[in-house]
Amino acid sequence: MTIISQELQQTIEAMAVRGKGILAADESSKTIAKRFADIGVDSTETSRCNYRSLLLSTPHLGDFISGVILFEETLGQHSSVDHMPIPQLAASQNIVPGIKVDKGLTELANCLGEQVTQGLDGLRERLVDYKKLGARFAKWRNVYHISSRTPSRRAIDINAEMLARYAALCQEQGIVPIVEPEVLINGTHSIEQCAEATEAAIQALFHALYRHGVVLEQVILKPNMVVPGNESGAVVTPEQVAEQTLRVLRRTVPAAVPMIAFLSGGLSPSDSDAYLNAMNQQNAPWLLSYSYGRALQQEALHVWAGKEGNWKAAQETLHHRARLTGLAQKGEYRADME
Ligand code: 13P
């Protein structure tokens, strides 16, 4: 008999809300440095804190964002606006604070170009500390590369096993796990190849979650949308993406899972929203939502450009994009709203 934890259930109910989704603001120090370099901003502890304070103090952000994923450094920072701890600033907007807990990627030995995610050692103890700082959910990301020989069975199985171990540890500590098996968009592959790889990765993941006793009602799946490679030259419609993505999900994800929150994975903000919207025109047993990083942030990041005077305009830009994405989650988005 599965025991349903009240604590986990309350977190799920606060996050799986119609018209709202998750803001992924958990870029590692290396990734945020790349994003800042694009706009000519130095990545320092202060500039990172300032930018993330801008995001989370956006007026009424909580109307469209139910959870935010933070990087470890941010979880312990104080907002540059009013010195409130960042997790508390999120909570004051009715946004559940969460934390990326994996330690990034490393090459899988004897596998050409494939990667495995690190971070299980000491995770139980880290989760205890993160919870004290206010984190109520966590994220762990795996990646899968599509080529003529990958993803390999070995990469799929080892990554699934580690993701399931992470998820079990999170639930043990009263933290909702987001499980993110990301099939990367990079490459010349077709939409069908993406469908095949995504199906294999998610199928192995749910087998592993079952083996590790993870309570499916209290997990959030964060998959990629099924799309052709970004160097394939293929053009697809939102309806094709919705059809291919939903077919894979119906084959692999039990209806017990409450929420599927897609990553944007390098898709433009308007494509991400159009694709999500098309999926929400159909019936599905799960809430089909979002956990976007770039698609929610990139327009606001460019408007901000590191300048104090652009703060308000950047917040308005973020609010606008979050509103459109919230509408896409309800199947009410239209391209002419852009
Ligand atoms: P993107 O939406 O930019 O892919 O980021 C989501 C994320 O959290 C990747 O781990």
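Cut-offs and rules
- Within any chain, residue numbers begin from 1 and follow the written order of that chain's sequence.
- Side-chain atom pairs in this predicted model are given and counted only at pLDDT of 80 or more, local residue features only at pLDDT of at least 70, and totals for whole chains, interfaces and linings cover all residues.
- Excluded from the side-chain calculations are hydrogens and water; all other atoms, namely the structure's heavy atoms, are used.
- Working definition: helices are DSSP H or I runs of at least four residues, strands are E runs of at least two. Numbering for both runs from the N terminus.
- Note on contacts: a residue pair is in contact if any heavy atoms of the two residues lie within 4.5 Å.
- Only the protein chains shown count as cover for residues, with accessible areas throughout obtained via the Shrake-Rupley method and a probe of 1.4 Å.
- His is not counted, nor are the chain ends, whereas Lys and Arg count as positive and Asp and Glu as negative.
- We put the charge of a Lys on NZ, of an Arg on CZ, of an Asp on CG and of a Glu on CD.
- Throughout this document, a residue counts as near a molecule or strand when at least one of its heavy atoms sits within 4 Å of that molecule or strand.
- Whenever a nitrogen or oxygen atom comes within 3.5 Å of another N or O atom, the pair is scored as a polar contact, on the condition that within protein one atom can donate a hydrogen and the other can accept it, and that pairs from neighbouring residues in sequence are kept only if both atoms are in side chains.
- Just so you know the grouping, Ala, Val, Leu, Ile, Met, Phe, Trp, Tyr, Cys and Pro go in nonpolar, Asp, Glu, Lys and Arg go in charged, and all remaining residues, Gly too, go in polar.
- An axis is simply a line fitted to the C-alpha atoms; with a helix, the fit covers only the stretch in contact. Between two such axes, the angle follows the N-to-C directions and lies from 0 to 180 degrees.
- With respect to orientation, any angle under 35 degrees is reported as roughly parallel, any angle over 145 as roughly antiparallel, any angle of 65 to 115 as roughly perpendicular, and every other angle as oblique.
- Left-handed is the label given to a crossing in which the near helix is rotated counterclockwise from the far helix by less than a right angle, and right-handed is the label when the rotation is clockwise.
- Residue burial is assigned from relative accessible area. The probe radius is 1.4 Å, only protein chains are included, and a residue is buried under 20% of its type maximum, exposed over 50%, and partly exposed in between.
- In short, DSSP must find at least two bridges between two strands for them to pair.
- The path from the first strand over the helix to the second decides the hand: if it runs clockwise while the strands point away from the viewer, the crossover is right-handed.
- Each salt bridge in this description consists of a side-chain nitrogen of Lys or Arg and a carboxyl oxygen of Asp or Glu lying within 4 Å of one another.
- Each aromatic pair joins two rings of Phe, Tyr and Trp (for Trp, the six-membered one) with centres within 6.5 Å, and gets the label stacked for planes under 30 degrees apart, edge-to-face for over 60, and tilted for any other angle.

Caption draft 1: How the structure looks around the overall build of the protein chain. The secondary structure content of the protein chain amounts to 12 helices and 10 strands. The C-alpha extent of the protein chain, read off along each of the three principal axes, is 50 × 45 × 40 Å. The contacts in the protein chain between residues at least 6 apart in sequence include a share of 79% that link residues at least 24 apart. Counting every atom, the protein chain has about 14,100 Å² of accessible surface; 49% of that belongs to carbon and sulfur. Distance from the positive charge centre (32 side chains) to the negative charge centre (37 side chains) of the protein chain: 1 Å.

Caption draft 2: Focus on the site of the ligand. Taken together, 13 residues lie around the ligand, and K139, K222, S264, G265 and G293 are the ones closest in. Between the ligand and K139 there is a distance of 2.6 Å, counted from an oxygen atom to a side-chain nitrogen or oxygen. One nitrogen or oxygen atom from the main chain of G265 is found 2.7 Å from an oxygen atom belonging to the ligand. Counting residues per element, the ones that place at least two in the shell around the ligand are strand 6 (137–144) and strand 10 (287–292). Broken down by class, the residue content of the shell around the ligand amounts to 3 nonpolar, 4 polar and 6 charged.

Caption draft 3: Seen up close, the packing of helix 8 (residues 191–211) against helix 9 (residues 238–252). At a minimum axis distance of 9 Å, the contact between helix 8 and helix 9 shows a crossing angle of 25°. By the angle between their directions, the pair helix 8 and helix 9 is classed as roughly parallel. Handedness of the crossing formed by helix 8 with helix 9: right-handed. Contacts between helix 8 and helix 9 involve I191, E192, A195, T198, E199, I202, Q203 and F206 from the former and Q240, V241, Q244, V248, L249, R251 and T252 from the latter. Within the contact of helix 8 with helix 9, the residues separate by chemical class into 7 nonpolar, 5 polar and 3 charged.

Caption draft 4: Structural view of the pairing of strand 7 (residues 176–183). Burial runs high along strand 7: 8 of the 8 residues are buried. With burial as the criterion, each face of strand 7 is covered, one bearing V176, I178, E180 and E182 and the other bearing P177, V179, P181 and V183. The pairing of strand 6 with strand 7 spans 8 bridges and is classified as parallel. Paired with K139 across the strands is I178, a residue of strand 7. Crossover connection from strand 6 via helix 7 (residues 153–172) to parallel strand 7: handedness right-handed. In the sheet, strand 7 pairs with strand 8 (residues 220–221) via 2 bridges, with the strands oriented parallel. Within the sheet, the bridge partner assigned to I178 lies in strand 8 and is I220.

Caption draft 5: Structural detail: the pattern of salt bridges. Evaluated as defined, the whole model comprises 21 salt bridges. With a shortest N-O distance of 3.1 Å, E27 and R52 are connected by a salt bridge. Highlighted residues: E27 in the loop between strand 1 (21–25) and helix 2 (29–38) and R52 in helix 3 (residues 45–56), separated in sequence by 25 residues. Each member of the pair, E27 as well as R52, is classed as buried. Linked through salt bridges whose partners overlap, the residues forming this network are D26, K139, R141, E180 and E182.

Caption draft 6: How the structure looks around the packing of aromatic side chains. By the definition in use, this model includes 5 aromatic pairs. Through a chain of ring-to-ring contacts, three or more aromatic side chains come together here, namely F36, Y51 and W304.

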